[in-house]
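# Structural features, examined
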Amino acid sequence: MSLFLGQIVGALGGTLELAGSDTEILRIAPLDSAGPGDLSFLSNPRYQQQLAASKAACVIVAPAMREAAMQRGACIVADNPYVYFARATQLWKRLHARAVAAGVHPSAVVDPEAVVDPTAYVGPLCVVERGARIGAGTQLKSRVTVGEDCIVGARCILHSGVVLGSDGFGFAPEGGAWVKIEQLGAVRIGDDVEIGANTCIDRGALDDTVIEDGVKLDNLVQIGHNVHVGRHVAMAGCVGVAGSAQIGAHCTVGGGAIVLGHLQLAENVHISAATVVTRSLNKPGVYTGMFPVDENTKWEKNAATLKQLHSLRERIKALEQQQQQGSKIGTQ
Amino acid sequence: MSLFLGQIVGALGGTLELAGSDTEILRIAPLDSAGPGDLSFLSNPRYQQQLAASKAACVIVAPAMREAAMQRGACIVADNPYVYFARATQLWKRLHARAVAAGVHPSAVVDPEAVVDPTAYVGPLCVVERGARIGAGTQLKSRVTVGEDCIVGARCILHSGVVLGSDGFGFAPEGGAWVKIEQLGAVRIGDDVEIGANTCIDRGALDDTVIEDGVKLDNLVQIGHNVHVGRHVAMAGCVGVAGSAQIGAHCTVGGGAIVLGHLQLAENVHISAATVVTRSLNKPGVYTGMFPVDENTKWEKNAATLKQLHSLRERIKALEQQQQQGSKIGTQ
Amino acid sequence: MSLFLGQIVGALGGTLELAGSDTEILRIAPLDSAGPGDLSFLSNPRYQQQLAASKAACVIVAPAMREAAMQRGACIVADNPYVYFARATQLWKRLHARAVAAGVHPSAVVDPEAVVDPTAYVGPLCVVERGARIGAGTQLKSRVTVGEDCIVGARCILHSGVVLGSDGFGFAPEGGAWVKIEQLGAVRIGDDVEIGANTCIDRGALDDTVIEDGVKLDNLVQIGHNVHVGRHVAMAGCVGVAGSAQIGAHCTVGGGAIVLGHLQLAENVHISAATVVTRSLNKPGVYTGMFPVDENTKWEKNAATLKQLHSLRERIKALEQQQQQGSKIGTQ
């Protein structure tokens, strides 16, 4: 498996410096582990020292790094080296991986009343239920479930174990038991959405659960019923979004974070990992809430004290009042 | 797909006001988005303003709201509107959805020594292992695993990707490595239990893991070995319950919460989302422990200070002592 | 199903006291629930009172407990009773469970270019993709996916729903959208690794994701791309490890904990449940960070005050300075 630098620049643009088009690339590799046959990239000027030391055959750099890169050796100058690198991985895969066959694997169970675009791929042991629709170029990896009436747009990737259209978690309490609220909505997934392994998206109770175009969900994410995830949102692994939450476009949610039900996140809200969102966030920005990790013995002391925090505040208040009185007396 | 109000009241009871039995209902919808062909409901008097503004053809209301509702238009008066609504969704589904076929889908792998009730349904690509038993009317959606000797009661719903009877996480440390403790117990699920997509319930080490009647588990929940979950407990998505925990009847556990091993929760304990239960809770009530979300810059300051909380308490104590001495001196 | 004490001691060693080799054992059971036909064990001297009260036919004890145990009745004296118990469960399973057949279940989908060792077992409805390799004696339970080019060593157990080799979560931002970084690495799993139900391990972006020998992962764990998990690490359920984290040998990670990306954990670091690791931990030890659970009303007060913690510290500082000045004045 190899690629010539000329192929890369021919396909992706950029300016090749200090190397011929016929230079052979054996691998794409990180700066610090790249060897003499490898293509690498510098996306963050902070790693400039790694650039100087890198043994890579060629490094993708931004125009501002052109001189520094050429002192080391061959480079490709491109406006956005990280995006260029991403496109290079796509080129690599296109040329080397076995082409993803369109069509339905014979072991998949597709209901005759489901509609799978002829350019889509339904992998081994998938289940596509009645009324479901799978868009053009979309790939269902192995063991994916797309439930009744759920719609997946074009060019999506659903990884192994994904479940779309499981029932939302809706029950009415009656006499100490739970009466099931049938979930009559479905799931609608836009175009260019990627959904990670074993991630679950519930169908809506009455209306649909909606994932807009360009959304990227990592593995083991849970999306509750009637959630609306705006365009180009990205959520890392193990995130849970409870029912009816509305996530604005371009939000990001860090791994293990929880968004409670019925909340609204404005566009461009960024939630840190493991943060619990307990109220709507109407202003763009970065939001965090997590207990800082510490040595266990120190944590124990601080956590125990935390339970008295409110009363400590009262004691501080009392001290301030006494001191104020004291100083009044002092100044009399 | 439609339903007449007469069919609904005929099946579910309640008093129909200001509309004829032949009024056609096209959809069940929330108050605020309901249109002129829709049935809606008011379960919480707080939303009374939405009631007045709703365009619904008919609204399910409690007896106390009868007058207010009739000022708007047609209504069904029922003792518990939320439960009535739940039953209406069930009626809707029963009349409109394709009947769930009983029997075993031909793609499922059912061991000849497993027992599946003839009224149960085992969906596509499920695995039911030797000695497992599936009760009357129980539905295994697609891609469910029921492990060896595990028992599922009557009228349960297991969503896609559920795993019952994976090995509990038990290892004895020896010389820096782990010696596997074979998990010789099984899983016993009661009647009317619903288990969400990709949720896992481990088999017991020596005795069984037990889920009692009426329990509702959401998606991506992890139940460790030898856990006992009491009747009508409900757990939201992404909850983890560690081994040998005992959860009393009627408890609820919010999304992303963690219950540590060997703990006991009394009946009617309610754990907030993302809370870590580190000790047994013997009194009914609501329990919470989560770091409040904040703007990241504010969080950073508070989190840094949190690491000094115990020493801050000591400083407050010192201030109090000094002040007390000072005031003693002052009063001499 | 039964076993004679002589068989156990014959296979596992230890000294049998106050019972004959022909004593029949019907079950292995915990001390407190063991009956007269059961074998039990005492691994922790704290439970000595349970020992005295136990109705077990025979109890496995350490040499130091020999006298106490013999006052009660029959015992097996072994250096490490917990490991002895673990081995006894293995013996029990070996003798009583249906032998795990080697070979590939006819419903599994194994690519002709995958290599499955003839002594390995690939269960029902598994998917093993092109270039994957499954080592000697390894068991894939039902519904496991092993992706392209992923390698699983010898004597591993992969539980139902495991996904190895899903794409890592890598995207380059461009103009508000995400450009996919193809994940060109694979997953390499060592020998004697156990992976819990519905756990996901992503393939590396450029290099491989690596799980070393003897690692034990519980259910619903997420391992990001390029993570390196050292030998004999154990992680409990619902843990998430973000991309490129390096976990040293013999670490343990409690349930629901999150390890952020690109961090390094030294050997023998132990992370408590639900802790978020936000920085590298270079020293062995126990680390914790979780908000202590409390009654909700108390939590609300403390959590609200927590948002003012940094300003409370400033107020304490101000009090200290004023007091110092006051005392200076007093001593003049």
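Residues numbered from 1 in each chain as written. Chains lettered and ligands numbered in written order. Predicted model: local features only at pLDDT ≥ 70, side-chain atom pairs only at ≥ 80, totals over all residues. Heavy atoms only, no water.

## Description of the overall build of chain A
Short version of the rule: Put simply, DSSP marks the helices as runs of H or I at least four residues long and the strands as runs of E at least two long, and each gets a number from the N terminus on. The quantity called the radius of gyration is restricted to C-alpha atoms. Its globule counterpart is 2.2 Å times the number of residues to the power 0.38. Each residue gets one of three labels from its accessible area relative to the maximum for its type: buried under 20%, exposed over 50%, partly exposed in between, using a 1.4 Å probe on protein chains only. Any two residues whose heavy atoms approach within 4.5 Å at even a single point are treated as in contact. Each accessible area is a Shrake-Rupley result for a 1.4 Å probe, and residues are judged covered by the shown protein chains and nothing else.
When helices and strands are counted, chain A shows six helices and 37 strands. Radius of gyration (C-alpha) of chain A: 27 Å, far over the 20 Å computed for a compact globule of 332 residues. For the C-alpha atoms alone, the extent of chain A along its principal axes is close to 90 × 60 × 35 Å. For chain A, with 332 residues in total, the buried portion stands at 57%. Put simply, of all contacts in chain A between residues at least 6 apart along the chain, 20% involve residues at least 24 apart. Entry remark: accessible area of chain A is about 12,800 Å², with carbon and sulfur atoms responsible for 51%.

## Points about helix 4 (residues 81-96) of chain B
In an α-helix, one full turn covers 3.6 residues, which means residues spaced three or four apart are oriented alike. Just so we agree on the cut-off: In a helix, the anticipated span is given by 1.5 Å times the number of residues less one.
In a regular helix each residue adds 1.5 Å, so 16 residues correspond to 22 Å; helix 4 of chain B covers 22 Å between its end C-alpha atoms and thus fits that length. Within the span of helix 4 of chain B, buried status applies to Pro81, Val83, Tyr84, Phe85, Ala86, Ala88, Thr89, Leu91 and Trp92 of chain B.

## As for the interface of chain B and chain A
Put simply, the rule is: What counts as buried area is the accessible surface, traced by a 1.4 Å probe, that two parts surrender upon association, with contributions from both included. The salt bridge criterion pairs a side-chain nitrogen of Lys or Arg with a carboxyl oxygen of Asp or Glu, the two atoms within 4 Å.
With 68 residues of chain B at the contact, the number on the chain A side is 72 residues. Counting the surface lost from both chain B and chain A, the interface buries some 5,700 Å², and carbon and sulfur atoms represent 63% of this. Looking only at chain B, the three residues that lose the most surface to chain A are Arg98, Arg143 and Val293 of chain B, adding up to 12% of its buried area. Counting every contact that joins chain B to chain A gives five salt bridges.

## A look at the environment of Ala249 of chain A
All names here are of chain A. For Ala249, the location among the structural elements is in the loop between strand 30 (246-247) and strand 31 (252-253). Spatially, the C-alpha atom of Ala249 lies 14 Å from that of Asp192, the residues being 57 residues apart in sequence. Apart from the residues lying within four places of it in its own chain, the contact partners of Ala249 are Gly230, Arg231, Val233, Glu267 and Asn268.

## Some details on the interface of chain A and chain C
To keep things clear, this is the line we draw: Two N or O atoms form a polar contact when they lie within 3.5 Å of each other; inside protein one atom must be a possible hydrogen donor and the other a possible acceptor, and for residues adjacent in sequence the pair counts only when both atoms belong to side chains. The classification used treats Ala, Val, Leu, Ile, Met, Phe, Trp, Tyr, Cys and Pro as nonpolar, Asp, Glu, Lys and Arg as charged, and all other residues, Gly among them, as polar. Pairing between strands is defined by DSSP: at least two bridges between them are needed.
The interface of chain A with chain C comprises 68 residues on the first partner and 72 residues on the second. Roughly 5,700 Å² is buried in total at the junction of chain A and chain C, and carbon and sulfur atoms are behind 63% of that figure. Together, Arg98, Arg143 and Val293 of chain A form the three largest contributors to the area buried by chain A at its contact with chain C, with a combined 12%. For the pair chain A and chain C, the number of links is five salt bridges. Note that Glu320 of chain A is salt-bridged to Arg315 of chain C, the shortest N-O span being 2.7 Å. Linking chain A with chain C are 28 residue pairs in polar contact (both at pLDDT 80 or more), by the criterion used here. With nine residues, helix 4 (residues 81-96) of chain A is the single largest residue contributor to the side of chain A that touches chain C. Considered class by class, the residues forming the side of chain A that touches chain C number 32 nonpolar, 21 polar and 15 charged. Pairing between strand 37 (residues 294-295) of chain A and strand 36 (residues 285-288) of chain C: two bridges, direction antiparallel. The partner of Asp294 of chain A across the bridge, within strand 36 of chain C, is Thr288 of chain C.

## Observations concerning empty space enclosed by the protein
Rules: Only protein atoms enter the calculation, which uses a 1 Å grid: trapped sets of points that fit a 1.4 Å probe without letting it out are cavities, open sets showing protein on both sides within 12 Å along at least five of seven lines are pockets, and any residue with an atom within 4 Å of a point is a lining residue. Grid points are joined across faces, edges and corners, and a volume is the space filled by probe spheres set on the points.
Going through the model one piece at a time under the given rule, you end up with five cavities of 30 Å³ or more. The calculated volume of the largest cavity comes to roughly 510 Å³. Gly256 of chain A, Gly256 and Ile258 of chain B together with Gly256 and Ile258 of chain C are the residues nearest the centre of the largest cavity, which is lined by 29 residues in total. Class assignment for the residues of the lining of the largest cavity results in 22 nonpolar, seven polar and no charged. Quantified by volume, the second largest cavity comes out at close to 50 Å³. Per-class residue counts for the lining of the second largest cavity are four nonpolar, four polar and three charged.

## Some points on the sheet that holds strand 36 of chain C
Read across the sheet, 11 strands follow the order 37(A)-36(C)-34(C)-31(C)-28(C)-25(C)-22(C)-17(C)-14(C)-11(C)-8(C) without closing on themselves; strand pairing throughout is mixed. Both outer strands of the open sheet, strand 37 of chain A together with strand 8 (103-104) of chain C, are each paired with one neighbouring strand and no more.

## Topic: the sheet that holds strand 16 (residues 151-152) of chain B
Two modes of strand pairing occur in sheets, parallel and antiparallel, and in both the strands are linked by backbone hydrogen bonds. All names here are of chain B. The strand order 10-13-16-21-24-27-30-33 describes an open sheet built from eight strands, whose pairing is parallel. If you trace the sheet from one side to the other, it starts and ends with strand 10 (115-116) and strand 33 (264-265), each paired once. With two bridges joining them, strand 30 (residues 246-247) and strand 33 adopt parallel strand pairing. From the neighbouring strand, Ile247 faces strand 33, where its bridge partner is Leu265.

## Observations concerning the relation of the copies chain A and chain C
Stated formally: Least-squares superposition aligns the copies on the C-alpha atoms of those residues with pLDDT at or above 70 in both.
With an RMSD of 0.1 Å, chain A superimposes on chain C once it is rotated by 120° and translated 0.0 Å along the axis. Taken together, the rotation and translation relating the two chain copies correspond to the operation of a three-fold axis. Closest approach to the rotation axis within chain A is made by the C-alpha atom of Phe291 of chain A, at a distance of 3.5 Å.

## Focus on the state of the cysteines
Residues and elements named next belong to chain A. We count it as follows: Two cysteine sulfurs form a disulfide in these notes if their separation is within 2.5 Å.
Applying the stated criterion to the full structure yields zero disulfides over all chains. This cysteine, Cys150, is not joined by any disulfide, and Cys200 carries the nearest cysteine sulfur, 12 Å off. Cysteine Cys156 remains unbridged, with the sulfur of Cys150 as its closest cysteine sulfur at 13 Å.

## Focus on the pattern of salt bridges
Applying the stated criterion across every chain yields a total of 48 salt bridges over all chains. Between Glu17 of chain A and Arg66 of chain A there is a salt bridge, and its shortest N-O distance comes to 2.9 Å. Of this pair, Glu17 of chain A sits in strand 2 (residues 15-17) while Arg66 of chain A sits in helix 3 (residues 66-72), and the two are 49 residues apart along the sequence. The exposure class of Arg66 of chain A is partly exposed, given its relative accessible area of 29%. Ionic pairing is found between Glu148 of chain B and Arg130 of chain B, a salt bridge with its closest N-O pair at 3.0 Å. Here Glu148 of chain B, found in the loop between strand 15 (145-146) and strand 16, pairs with Arg130 of chain B, found in the loop between strand 12 (127-128) and strand 13 (133-134); they are 18 residues apart in sequence, far enough to count as distant.

## A word on the packing of aromatic side chains
The description of two aromatic rings rests on the distance between their centres and on the angle between their planes. Rules: Classification of ring pairs uses Phe, Tyr and Trp, with its six-membered ring standing for Trp, and accepts pairs whose centres are within 6.5 Å; under 30 degrees between planes counts as stacked, over 60 as edge-to-face, and the remaining range as tilted.
Enumeration according to the criterion identifies 15 aromatic pairs over all chains in this entry. Ring centres 5.2 Å apart and planes at 80° place the aromatic pair Phe169 of chain A and Phe171 of chain A in the edge-to-face group. Taking relative accessible area as the criterion, Phe171 of chain A reaches 9% and is therefore assigned buried. Their ring planes at 85° and their centres at 6.3 Å tell us that Phe291 of chain B and Phe291 of chain C sit as a pair that is edge-to-face. Highlighted residues: Phe291 of chain B in the loop between strand 36 (285-288) and strand 37 (294-295) and Phe291 of chain C in the loop between strand 36 and strand 37 (294-295), drawn from two different chains.

## Quick word on the pairing of strand 20 (residues 177-180) of chain A
The two faces of a sheet get side chains in turn, since along a regular strand they alternate between them. All names here are of chain A. Summarising the sheet, strand 19 (residues 171-174) and strand 20 pair through four bridges and their orientation is antiparallel. Among the inter-strand pairings, Glu174 is bridged to a residue of strand 20, identified as Ala177. Hairpin connection between strand 19 and strand 20: a loop of two residues separates the two successive antiparallel strands, and Gly175 in this loop has a positive phi of roughly 60°.

## A short note on the domain arrangement of chain A
Stated precisely, the cut-off is as follows: Note: domain ranges come from an automatic or database domain assignment.
By domain assignment, chain A separates into domain 1 (3-96), domain 2 (103-287) and domain 3 (296-331). Domain 2 of chain A and domain 3 of chain A are separated by 47 Å when their C-alpha centres are compared.

## Observations regarding unusual backbone geometry
Unusually for a residue other than glycine, Asn198 of chain A sits at a positive phi of about 60°. By the element assignment, Asn198 of chain A lies in the loop between strand 22 (194-195) and strand 23 (200-202). A relative accessible area of 1% means that Asn198 of chain A is categorised as buried. The phi dihedral of His232 of chain C falls on the positive side, at around 60°, and the residue is not glycine. Inspection of the secondary structure puts His232 of chain C in the loop between strand 27 (228-229) and strand 28 (234-235).

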